[in-house]
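Working through the structure, step by step
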Amino acid sequence: MADQQRIQNALRSVIHPDYGKNIVDLGLVQDFSANGGAVHFKIQNTVPGGGSTEAVLEDAIAAVQTLEPLARVEAGLTGRARANPAGSTGKGAIPGVRNVIPVASGKGGVGKSTVSANLALALAATGAKVGLLDADVYGPSIPLIMGAIVGPQQGGRGIIPPVTHDIPIISTGFFVRKDQAVVWRGPMLAKMVEQLTNQVEWGELDYLVIDLPPGTGDVQLSLCQRLALTGAVVVTTPQPMAVNVAEKAIIMFQQLKTPLLGVVENMSYFESRSTGEREYIFGSGGAKRISERWSIPVLGQIPLATTVRQTSDRGTPIVLADPDAPAARAFQEVAMQLAAEVSMHNLKAESESVVQINF
Ligand SMILES: Nc1ncnc2c1ncn2[C@@H]1O[C@H](COP(=O)(O)OP(=O)(O)OP(=O)(O)O)[C@@H](O)[C@H]1O
Ligand SMILES: [Mg+2]
């Protein structure tokens, strides 16, 4: 026991260069065990393409070997996310799904669907298994953005989602005829949420990203009440008008006791390709204002770029179509920050769910 503690402390000396925090507090050390002269652990790879995680792994191995020169160190990387302890079993859990993360906004058209799709792809690029649920009953756009042409199939145990760009996708758009206007009432929406989550064979997922309709209506309410969510991501533009409505969404999540994992500022600026000068078309400081007011981290800022829209319209979002483009890099940064937030959040939830017995 004492050894385990000492080794954990040694791992605590390893600071992740991308986050400036130690890897133990970030919750990135997984499957840790130390017994019989063998030390075993995995480092969660949160950076698309590996990045500095390889170096972190080397530092972690070195830290253990310095402390225990004779120990056999078995260490590696994993793309698997730490599971939401409330979400892996029990009420509101989706079997096999480690984290359920809705992407919300107050105002419509701020880029929820664009962020959801690119975020899902950037998380998948870290080695995680990711699913995408389009819960926007009024204007489902994920099938178009992800180029999911074929609909789901009925399997023996439930609905089998089509897999596009390695991501299983379910959209309300698959179940509604294109020429039909949908008039959904509260109970119907609640039933729909239940079916799309529990009757779908999602398989093993680290993250299920849910694209929500805009606003604070029945879909949001049903999701928060029926599912064990890890936490929500709020998308806003820098504009005060968008920020004000985003704050209503934040208040709703707080009232429903759904944690807020972070805010993404979309359409933050336009960068001139020739001069590199930034133009703040929708103003600036929106996400910062939310962050300061509600103590929610800013996960990143996405520039306004023609290629973001074009690639979405063609069914291959920018993170896949041009991973080195500035906007794609910004989405990768958001994914990395979100993975760290999820990890820290779940670690904290785990420690809080441990029952302390005092003799
Ligand atoms: N960073 C960006 N740069 C350029 N265009 C963008 C960017 N983000 C989103 N868009 C474009 O803006 C439009 C609205 O985006 P999107 O559909 O993702 O918003 P939304 O919040 O999901 O909208 P709704 O509320 O209708 O569901 C789309 O045409 C999308 O391609
Ligand atoms: Mg949308």
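The structure this text deals with has already been given above.
Read on for a plain summary of the structure. Counting starts from 1 at the beginning of each chain's written sequence and moves along it residue by residue. Both sets of labels track the order of writing: A upward for chains, 1 upward for ligands. Where local features are concerned, this predicted model is filtered to residues with pLDDT of at least 70; where side-chain atom pairs are given and counted, the filter is 80 or more; whole-chain, interface and lining totals use all residues.

**Considering the overall build of the chain**
Secondary structure is summarised from DSSP: a helix means a run of H or I of at least four residues, a strand means a run of E of at least two, and numbering begins at the N terminus for each. Assigned secondary structure in the chain consists of twelve helices and 17 strands. On C-alpha atoms alone, the chain measures out to a radius of gyration of 21 Å, which is about the 21 Å that the 2.2 N^0.38 rule sets for 359 residues. Based on the C-alpha atoms only, the size of the chain along its principal axes is roughly 70 × 55 × 40 Å. With C-beta atoms placed from the backbone, a residue counts as buried when 20 or more other C-beta atoms lie within 10 Å of its own, as exposed when 12 or fewer do, and as partly exposed for counts between those limits. Taken across its 359 residues, the chain has 46% of its residues classed as buried. Both definitions apply: the radius of gyration is a C-alpha atom measure, and the globule rule equals 2.2 Å times residues to the power 0.38.

**Quick word on the sheet that holds strand β5 (residues 72–78)**
Following DSSP output, two strands are said to pair if at least two bridges run between them. The strand order across the open sheet built from three strands is β3-β4-β5, with neighbouring strands paired in mixed fashion. Among the strands making up the open sheet, the edge pair consists of β3 (29–35) and β5. On average, each strand axis in the sheet is inclined to that of its neighbour by 10 degrees, with strand direction left out of account. Pairing of strand β4 (residues 38–44) with β5, which is carried by seven bridges, proceeds in the parallel orientation. All axes here are fitted lines through C-alpha atoms, helices being fitted over the stretch that makes contact, and every angle between N-to-C directions spans 0 to 180 degrees.

**Some details on helix α7 (residues 218–226)**
Buried within α7 we find V219, Q220, S222, L223 and C224. By the convention adopted here, residues are in contact when the distance between their C-beta atoms, placed from the backbone, does not exceed 7 Å. Buried positions along α7 lie against β6 (100–104), α6 (186–198), β12 (207–211) and α8 (240–255).

**Quick notes on the sheet that holds strand β13 (residues 232–236)**
What the eight strands build is an open sheet, ordered β10-β11-β7-β12-β6-β13-β14-β17; its pairing is mixed. A strand with exactly one partner marks an edge of an open sheet, and here the two such strands are β10 (163–164) and β17 (298–302). Sheet topology places β10 next to strand β11 (residues 167–171); two bridges connect them, and they run antiparallel. Directly across from V163, in β11, lies its bridge partner P168. Contacts from α8 reach β6, β13 and β14 (260–266), with the element oriented near 165 degrees to β13.

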